[in-house]
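What the coordinates show
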Amino acid sequence: LWGFDVSHLDSHMGTLQLRPEFFDVYLDLAVEFELPIRLSGAATERLIGFPFRRLAAEEGVVFPDHFVYVQGGVGSRRAIEQAVTELRPGVTEVYVHPAVDTPELRALAPDWANRVDDHDLVTRDSALRAMLDRAGVVRIGYRPLRELQRAGG
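Read on for an overview of the structure. (Residues numbered from 1 in each chain as written. Predicted model: local features only at pLDDT ≥ 70, side-chain atom pairs only at ≥ 80, totals over all residues. Heavy atoms only, no water.)

Our focus in this paragraph is the pattern of salt bridges. In this structure the tally under the stated criterion is 14 salt bridges. Across the pair Arg 146 and Asp 5 runs a salt bridge whose closest N-O atoms are separated by 2.6 Å. Here Arg 146 is found in helix H8 (residues 143-150), whereas its partner Asp 5 is found in the segment before helix H1 (20-33), with 141 residues between them in sequence. Residue Asp 10 is joined to Arg 38 by a salt bridge in which the shortest nitrogen-to-oxygen separation is 3.1 Å. Remark: Arg 38 occurs in the loop between H1 and helix H2 (42-48) and Asp 10 occurs in the segment before H1; sequence separation between them is 28 residues. The buried category is assigned to Arg 38, whose relative accessible area is 15%. (Salt bridge = Lys/Arg side-chain N within 4 Å of Asp/Glu carboxyl O. Helix = DSSP H or I, 4+ residues; strand = E, 2+ residues; numbered from the N terminus. Buried < 20%, exposed > 50% of the residue type's maximum accessible area, 1.4 Å probe, protein only.)

Our focus in this paragraph is a negative patch on the surface. Together, Asp 24, Asp 28, Glu 32 and Glu 59 make up a negatively charged patch on the protein surface. Within the fold, Asp 24 resides in helix H1. Judged by its relative accessible area of 43%, Asp 24 falls in the partly exposed class. (Patch = residues over 30% accessible without salt bridge, like charges linked within 9 Å, V, L, I, M, F, W, Y side chains within 5 Å. Areas by Shrake-Rupley, 256 points an atom, 1.4 Å probe, with all protein chains shown as cover. Lys, Arg positive; Asp, Glu negative; His and termini not counted. Charge placed at Lys NZ, Arg CZ, Asp CG, Glu CD.)

Now for the packing of aromatic side chains. Inspection of every chain in the model, using the stated rule, returns 5 aromatic pairs. Measuring from ring centre to ring centre gives 6.2 Å for Phe 23 and Tyr 26, while their planes differ by 70 degrees; the resulting arrangement is edge-to-face. With Phe 23 and Tyr 26 both in helix H1 and 3 residues apart, the pair spans about one turn of that helix. (Phe/Tyr/Trp six-rings, centres within 6.5 Å; stacked < 30°, edge-to-face > 60°.)

This brings us to the environment of Ala 79. One can find Ala 79 in helix H4 (residues 77-85). Separated by 10 residues in sequence, Ala 79 and Tyr 69 have C-alpha atoms that sit 8.6 Å apart.

This paragraph deals with the nonpolar core. In terms of nonpolar packing, the biggest core is built from 13 residues, with Leu 9, Phe 23, Tyr 26, Ile 37, Leu 39, Ala 56 and Val 61 touching the most fellow members. Where this core is concerned, the elements lending two or more residues are H1 and helix H3 (52-58). Among the elements that line this core, the one with the most residues is H1, at 4 residues. Leave out the neighbours within four places in its chain, and Leu 39 touches Gln 17, Phe 23, Tyr 26, Phe 52, Arg 53, Ala 56, Phe 63 and Phe 67. Within the second largest apolar cluster, 8 residues are counted, among which are Ile 80, Val 84, Leu 121 and Leu 132. (Core = buried A, V, L, I, M, F, W, Y, C linked by side-chain atoms within 4.5 Å. Contact = heavy atoms within 4.5 Å.)

Everything listed is a geometric property; what it means functionally is a separate question.
Written out as structure tokens, the structure reads:
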């Protein structure tokens with residue numbers, strides 16, 4: 001309606017996927033607007049004891065097969081490089097917190113240097129790109145997943 005090309009639904013820090021009463025709204029929106037959703041991995045599902053991945057799949061909602069999360073969420077370089085060597089078939093979402101180095105970032109985030117390094121890793125690091133290419137990784141965003149969902153998944 002406002003001209004945005006919405007590619008997927010997301011909730012900050014997974015808040016809508018961790019409680020059934022919130023997840024229902026998240027899932028209903030995904031179904032209504034035929035949008036894929038960001039979901040944590042199967043380990044999170046087992047940890048909280050709520051089958052959000054199964055419920056989304058039963059509704060035909062598309063989401064990544066695997067989710068790579070770095071403990072603490074920042075300073076991802078080594079963990080991401082390790083994850084590339086362990087990729088499994090399917091779609092894997094890699095979770096990082098990239099940020100541009102600014103005075104505001106330095107004042108706001110004690111982990112600012114790791115966030116700046118994450119930004120460099122995903123935007124400029126030719127070694128990571130070469131590693132992904134050697135591993136046969138095809139980089140995508142959420143639009144191909146949206147098109148898959150709208151085509152009947």
